[in-house]
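Survey of secondary and tertiary structure
Listed here are the chains, written in short residue letters.
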Amino acid sequence: MTLCVPFSATFMKKILIPFLITANLAATVFAVDFPMPRSDSRGSSFVNETVIPPLAAAWSYNTFAAVIAGPVAADNKVFVGNQSGAFYCFDAYTGEVLWQYSAGGKIESAASYSNGVVYFASRDGYVHALNADTGEEEWIRNLGTQIISSPVVYNGRLYIGEGAPSNDLLVLNAETGLPVGSFSTLQPIQSNPVFGSDRVFFGSNDGRLYCIYEDTLLQAWFYQTDGFFTRSSPLVYETGVFIAPGHDERKLYRVHMSNGITAGSSAELYGSANRMSSPAEYDDVVYVAVSTSTAKIFALDANDLSNELWNYAVAGTNDGEIVPTPTITRSHLYAPDYDGGIAVLNQSDGSEVFSASVSDQPIYAQAAVSNGYVYLGLKDGYVKAYKAAQVVALNSPSNYKVVTSTGVNVYGTIILDSLIAYTVEYGAGETPSVWTVQPFIGSNFERSFIAQLDMSSLDDGVYTVRLKANNSDSLISESRFILNLPPEPPSNLTLSRVSSGLNLAWTLSPDDGGGDNDVSAYRIYRSLESGSYSSYIGSVSGGETSYIDTSLISGVTYYYVVRSYDGFSESVNSNEGLSLIHI
């Protein structure tokens, strides 16, 4: 299928164009998110936007208790907890407290956001799932153990490491909080899981990197180190998993994803250092912070860990066990330090291009970067936000959203010293070989509407879209999205009376056995009025063409429709079926 129509070569104002970007049209503009620890499911700590210092203070708020774990940012909100058990939701741009929730124990791990719900753990053993808009409880669950690991949501499941006595990686249904399964290790799990190739990777204090299958939670392999994973978590990169266990292992390792065999390591980093951050990666470079009482950040070639590209001495003295992981944007590294400052480094050589003092105490939490803002949780109890001087950010949609709508509004931010022109570009796949380019002219704008996009003629699949300023490869923000338009409905719905009730029969959707071939179920809806079908009464699997309704009341006339379902969205209604025979 043709993915686009030709555009005029002239620059254009904001218009309606055929294009793919996001899931649902909404009044809220979804920012470029940092929705979980280390930004994404593979643990890259990379944010796909251009964020150029200097930084200016935007807002601050005193929570009156130490903030040890980093903030996360999603849906125009910032979420963070402190050691008094208070969990906050802030407006990302003003710092207004939107709501506050009190847990029964210290909060020392970062939260995760997914599909309108924010999840966090407290040291008293509880996992909390709260409505991100209101702070109301969706569910809470007592695990009966201390928790230091962060909850991470992936493919509808919540993963969290437990302490003694269980020492399990526990898996819950993210929607209900009910147990799905678990995997046992020999020591407590403080490491956060990461995901790739239908597998889950995590470290334990027993010194092992574990690989388990996502579907069965059975072990695929483990890799034994001489260190142990405390706050350091793995990184998935292409076909490898990077680990920095620390303690008696002062090297960065790459392990084959498929079999757990070592695929290379760095030299010993920083002499007697025994604490290491989680590794981070962007553009074939892996970054890791290494610390004893002082610390350095190392940049290493991801394909040859023996090749050290540069290192940077972090300011201050570390009096704790936590080494913050640097956060990477397309333009710079953002690294908190032990003097209570934030340093911004040039990616190419590690030179410091900007620094600012934000606290009089060491910073242990990773910085969250979202939509040109840098968010910090501080040991002195403050949460602070800083705004970058120059920004290129694709604000909507957020990364890897499932697209189910044919008409989508796109928003973006460009703040530059000199903006001449900008483009919206897209292509099929995660690394498009061909880009379709739409040019625009205009002045700086912030979280503003760019275009309304028509996706009705596009095939389902993964697409990449980016916002580029001044035709510069260094002024880009990029996202990837999964297009999954609703399937076609079934047709020819008919009703007939059978001994057990009323039989509904239909013709299969064109997308069941043909078309996109993605119909997983048919959902049946019933009503007492024609044209209104809010009562779901049951479903059958894809490929089925009938359903018997046995829950009927004598003398009542019923109206029915059937909808195709593909696991993400429903089709429009089938034709209406009317029970002319009163049961």
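Only a predicted model underlies this, so the values are computations on that prediction, with no experimental measurement involved. (Residues numbered from 1 in each chain as written. Predicted model: local features only at pLDDT ≥ 70, side-chain atom pairs only at ≥ 80, totals over all residues. Heavy atoms only, no water.)

This brings us to the overall build of the protein chain. Per the secondary structure count, the protein chain includes zero helices and 48 strands. On C-alpha atoms alone, the protein chain measures out to a radius of gyration of 26 Å, which is about the 25 Å that the 2.2 N^0.38 rule sets for 583 residues. Residues counted as buried form 58% of the 583 residues belonging to the protein chain. For the protein chain, restricting intrachain contacts to residue pairs at least 6 apart in sequence, the fraction spanning at least 24 positions comes to 56%. With the model as given, the accessible surface of the protein chain reaches about 22,000 Å², and the carbon-plus-sulfur share is 47%. (Helix = DSSP H or I, 4+ residues; strand = E, 2+ residues; numbered from the N terminus. Rg over C-alpha atoms; globule rule 2.2 N^0.38 Å. Buried < 20%, exposed > 50% of the residue type's maximum accessible area, 1.4 Å probe, protein only. Contact = heavy atoms within 4.5 Å. Areas by Shrake-Rupley, 256 points an atom, 1.4 Å probe, with all protein chains shown as cover.)

Now for unusual backbone geometry. With the exception of glycine, the majority of residues adopt a negative phi angle, and the majority of peptide bonds are in the trans configuration. Residue P54 follows P53 across a cis peptide bond; omega there is 15°. One non-glycine residue, S197, lies in the positive phi region at around 55°. Turning to its location among the elements, S197 is positioned in the loop between β15 (194-196) and β16 (199-203).

Let's shift gears to the pairing of strand β21 (residues 253-256). Summarising the sheet, strand β20 (residues 240-243) and β21 pair through four bridges and their orientation is antiparallel. Considered in β21, the bridge of I243 is made with Y253. Remark: five residues form the turn of the hairpin made by β21 and strand β22 (residues 262-265), two consecutive strands paired antiparallel; G260 in that turn has positive phi of roughly 80°. (Pairing = 2+ DSSP bridges.)

The next subject is the side chain of K468. In this structure, K468 sits in strand β40 (residues 461-469). A relative accessible area of 7% means that K468 is categorised as buried. Within polar-contact distance, the side chain of K468 engages the side chain of D473 at 3.1 Å. With residues near it in sequence (within four places) discarded, K468 still touches A421, Y422, T423, E425, D473, L475 and I476. (Polar contact = N/O pair within 3.5 Å; in protein donor to acceptor, adjacent residues only side chain to side chain.)

Across the sheet, which stays open at both edges, the four strands sit in the order β7-β8-β9-β10 with antiparallel pairing between neighbours. A single partner strand is all that each edge strand has here, and the edge strands are β7 (112-114) and β10 (137-142). Taking each pair of neighbouring strands and ignoring which way they run, the sheet shows an average axis angle of 15°. The pairing of β7 with strand β8 (residues 117-121) spans three bridges and is antiparallel. Bridge pairing in β8 places S114 opposite V117. (Axes fitted to C-alpha atoms, helices over the stretch in contact; angles between N-to-C directions.)

With five of its five residues buried, β8 lies for the most part within the structure. Going residue by residue along β8, you find V117, Y119 and A121 tucked away on one face and V118 and F120 tucked away on the opposite face as well. Between β7 and β8, which pair antiparallel one after the other, the connecting turn spans two residues, and N115 there sits at a positive phi close to 50°. Summarising the sheet, β8 and strand β9 (residues 126-131) pair through five bridges and their orientation is antiparallel. When the sheet's bridge partners are listed, V118 is paired in β9 with L130. Joining the antiparallel neighbours β8 and β9 is a turn of four residues, in which G125 adopts a positive phi near 100°.

Taken in spatial order, the four strands make up an open sheet running β11-β12-β13-β14, and their pairing is antiparallel. Strands with a single pairing partner mark the edges of an open sheet, and in this sheet they are β11 (152-154) and β14 (179-184). Each neighbouring strand pair of the sheet contributes to a mean axis angle of 20°, computed without reference to strand direction. Where β11 and strand β12 (residues 157-161) come together, three bridges link them in antiparallel fashion. What sits directly across from Y154, in β12, is R157.

In a structure, side chains of opposite charge can pair up when their charged atoms sit close to one another. Applying the stated criterion across every chain yields a total of 14 salt bridges. With its nearest N and O atoms 3.7 Å apart, the salt bridge here joins R250 to E268. Here E268 lies in the loop between β22 and β23 (275-276) and R250 lies in the loop between β20 and β21, a separation of 18 residues in the sequence. Across the pair E425 and R466 runs a salt bridge whose closest N-O atoms are separated by 2.6 Å. Here the residue E425 occupies a position in strand β37 (residues 421-428), and R466 occupies one in strand β40, the gap between them amounting to 41 residues. (Salt bridge = Lys/Arg side-chain N within 4 Å of Asp/Glu carboxyl O.)

Moving on, we come to the environment of R330. Tracing the chain through its elements places R330 in the loop between β28 (327-328) and β29 (332-336). Linking R330 and G429, residues 99 residues apart in sequence, is a C-alpha distance of 20 Å. Those residues in contact with R330, other than ones at most four positions away along the chain, are F46, V47, N48, E49, T50, Y282, Q347, D473, I476, S477 and E478. One polar contact links R330 to N48, side chain to side chain, over a distance of 2.8 Å.

Below, the discussion takes up the packing of aromatic side chains. In the structure shown here, the tally under the stated rule is 31 aromatic pairs. For the ring pair F201 and W221, a centre distance of 6.1 Å and an interplane angle of 45° mean the geometry is tilted. Of this pair, F201 sits in strand β16 while W221 sits in strand β18 (residues 219-224); the two residues are 20 residues apart in sequence, bridging distant segments of the chain. Like F201, the residue W221 is buried in the burial classification. On the numbers, 6.2 Å between centres and 55° between planes, the contact of Y223 with Y253 is tilted. Of this pair, Y223 sits in strand β18 while Y253 sits in strand β21; the two residues are 30 residues apart in sequence, bridging distant segments of the chain. On the basis of relative accessible area, Y223 is assigned to the buried category, the value being 14%. An aromatic cluster of at least three residues, connected via ring pairs, comprises W59, Y61, Y88, F90, Y93, Y373 and Y375. Across the ring face of F222, the terminal group of R208 is positioned such that the distance to the ring centre comes to 3.8 Å. (Phe/Tyr/Trp six-rings, centres within 6.5 Å; stacked < 30°, edge-to-face > 60°. Lys NZ or Arg CZ within 6 Å of the ring centre and 35° of its normal.)

If you look at the biggest cluster of nonpolar residues, it comprises 35 residues, and the most contacted ones within it are L55, F90, Y334, I342, V358, Y375 and L376. Of all the elements in the fold, those that place two or more residues in this core are β2 (50-62), β4 (77-81), β5 (86-91), β30 (341-346), β32 (368-370), β33 (373-377) and β34 (382-396). Per element, the largest residue contribution to this core is six residues, and it comes from β34. If near-sequence neighbours (up to four positions away) are discounted, L376 is found in contact with P71, P336, I342, V358, A367, Y382, V383, K384 and Y386. (Core = buried A, V, L, I, M, F, W, Y, C linked by side-chain atoms within 4.5 Å.)

Turning our attention to the environment of I148. Mapped onto the secondary structure, I148 falls in the loop between β10 and β11. On the basis of relative accessible area, I148 is assigned to the buried category, the value being 16%. Expressed as a C-alpha distance, the spacing of I148 and E162, which sit 14 residues apart in the sequence, is 7.5 Å. Not counting chain neighbours up to four residues away, the residues in contact with I148 comprise E108, S109, R123, Q190 and R231.

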